[in-house]
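Breakdown of the fold
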Amino acid sequence: MILGLILLFLNFLPNQISEAGQAKLEKMVQERDALTAEWKRSESKKSGIFGNRTKKDMIETNQWLERILAKDNLIMDELRMIGDIETTVATQTGEDYKTITLNLEQDVQALRRAMAEKDKTIEEMLATRRTFEWTTLIFFLSTLGLGYWIYKSKKTA
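The model shown is predicted, which means the values in this text are computed figures rather than measured ones. (Residues numbered from 1 in each chain as written. Predicted model: local features only at pLDDT ≥ 70, side-chain atom pairs only at ≥ 80, totals over all residues. Heavy atoms only, no water.)

1. A word on the overall build of the protein chain
- Scanning the protein chain from terminus to terminus reveals two helices and zero strands.
- Looking at the protein chain as a whole, 14% of its 157 residues are labelled buried.
- A separation of at least 24 residues holds for 65% of the contacts in the protein chain among residues at least 6 apart in sequence. (Helix = DSSP H or I, 4+ residues; strand = E, 2+ residues; numbered from the N terminus. Buried < 20%, exposed > 50% of the residue type's maximum accessible area, 1.4 Å probe, protein only. Contact = heavy atoms within 4.5 Å.)

The following block contains the structure:
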């Protein structure tokens, strides 16, 4: 019963972890999309003479690219962490199943031993019953023979 509750809890745990990780990951992707939009806006900015890009415009564009790269690194770290968590949970679940299997195998062995003992007890009871049946048959035949002998002796006398 308790083992079943533990397994039920373990089945829901990875889903909750992955849902929380998914939500965080979605938020990070949305933030990255916003950074990308800002980068595109800064890419189109041309504040120089004759509509050219200035050094300041290019530095701003590079800063947006650095922010996007930092966000990408955070997303990759989150993906690795989610993967590690799922691997750990899967490994723990596998170990739990191994433990359950081992316990069930031990229970089966114990039941087989108990069945062998019961079979032995039944064989002993059958042997005792056979002895009683043979004793009863011999007693019946001897009583029948004695009764016949008494009947013959009374008839002749």
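From this point, the narrative continues.
2. Some points on the pattern of salt bridges
- For the structure on display, the rule yields seven salt bridges.
- Residue E78 is joined to K24 by a salt bridge in which the shortest nitrogen-to-oxygen separation is 3.5 Å. Taken together, the positions of E78 in helix α2 (residues 55-156) and K24 in helix α1 (residues 2-44) put the pair 54 residues apart, joining distant regions of the chain.
- A relative accessible area of 6% means that E78 is categorised as buried.
- Here K24 falls in the partly exposed class, since its relative accessible area comes to 42%.
- One salt bridge in this structure joins E133 and R129, with 3.4 Å as the shortest N-O distance. Of this pair, E133 and R129 both sit in helix α2, four residues apart, which is roughly one turn of that helix. (Salt bridge = Lys/Arg side-chain N within 4 Å of Asp/Glu carboxyl O.)

3. A word on the packing of aromatic side chains
- Throughout the structure, instances matching the rule amount to zero aromatic pairs.
- In this structure, R67 packs its charged tip against the face of W64, placed 4.3 Å from the ring centre. (Phe/Tyr/Trp six-rings, centres within 6.5 Å; stacked < 30°, edge-to-face > 60°. Lys NZ or Arg CZ within 6 Å of the ring centre and 35° of its normal.)

4. Some points on a nonpolar patch on the surface
- On the surface, a nonpolar cluster with roughly 560 Å² of combined accessible area is contributed by W134, L137, F140, L141 and L144.
- Take L137: its relative accessible area is 38%, and that puts it in the partly exposed class. (Patch = residues over 30% accessible without salt bridge, like charges linked within 9 Å, V, L, I, M, F, W, Y side chains within 5 Å. Areas by Shrake-Rupley, 256 points an atom, 1.4 Å probe, with all protein chains shown as cover.)

5. Things to note about the side chain of T61
- Locating T61 in the fold gives a position in helix α2.
- Classification of T61 by relative accessible area gives buried; the value is 3%.
- There is a polar contact of 3.5 Å between the side chain of T61 and the backbone oxygen of S42.
- Ignoring any residue separated from it by four or fewer positions in sequence, one finds T61 in contact with W39, S42, E43 and R53. (Polar contact = N/O pair within 3.5 Å; in protein donor to acceptor, adjacent residues only side chain to side chain.)

6. A word on α2
- Between the first and last C-alpha of α2 there are 149 Å, a value that for 102 residues agrees with the 152 Å anticipated at 1.5 Å per step.
- Of the positions making up α2, those classed as buried are D57, E60, T61, W64, I68, K71, I75, E78, I82, V89, T93 and I100. (Expected span 1.5 Å × (residues − 1).)

7. Describing the confidence of the model for the protein chain
- When pLDDT is averaged along the protein chain, the result is 81, and 87% of the positions lie at 70 or above.
- Segment residues 1-10 is flagged for pLDDT under 50; beyond a separation of four residues in sequence, or across chains, it makes four contacts in the model. (pLDDT = per-residue confidence, 0-100.)

8. A short note on the environment of S44
- Structurally, S44 is set in helix α1.
- Taking relative accessible area as the criterion, S44 reaches 52% and is therefore assigned exposed.
- The spatial distance from the C-alpha of S44 to the C-alpha of T61 is 9.3 Å, given a sequence separation of 17 residues.
- A polar side-chain atom of S44 sits 2.8 Å from the main-chain carbonyl oxygen of R41.

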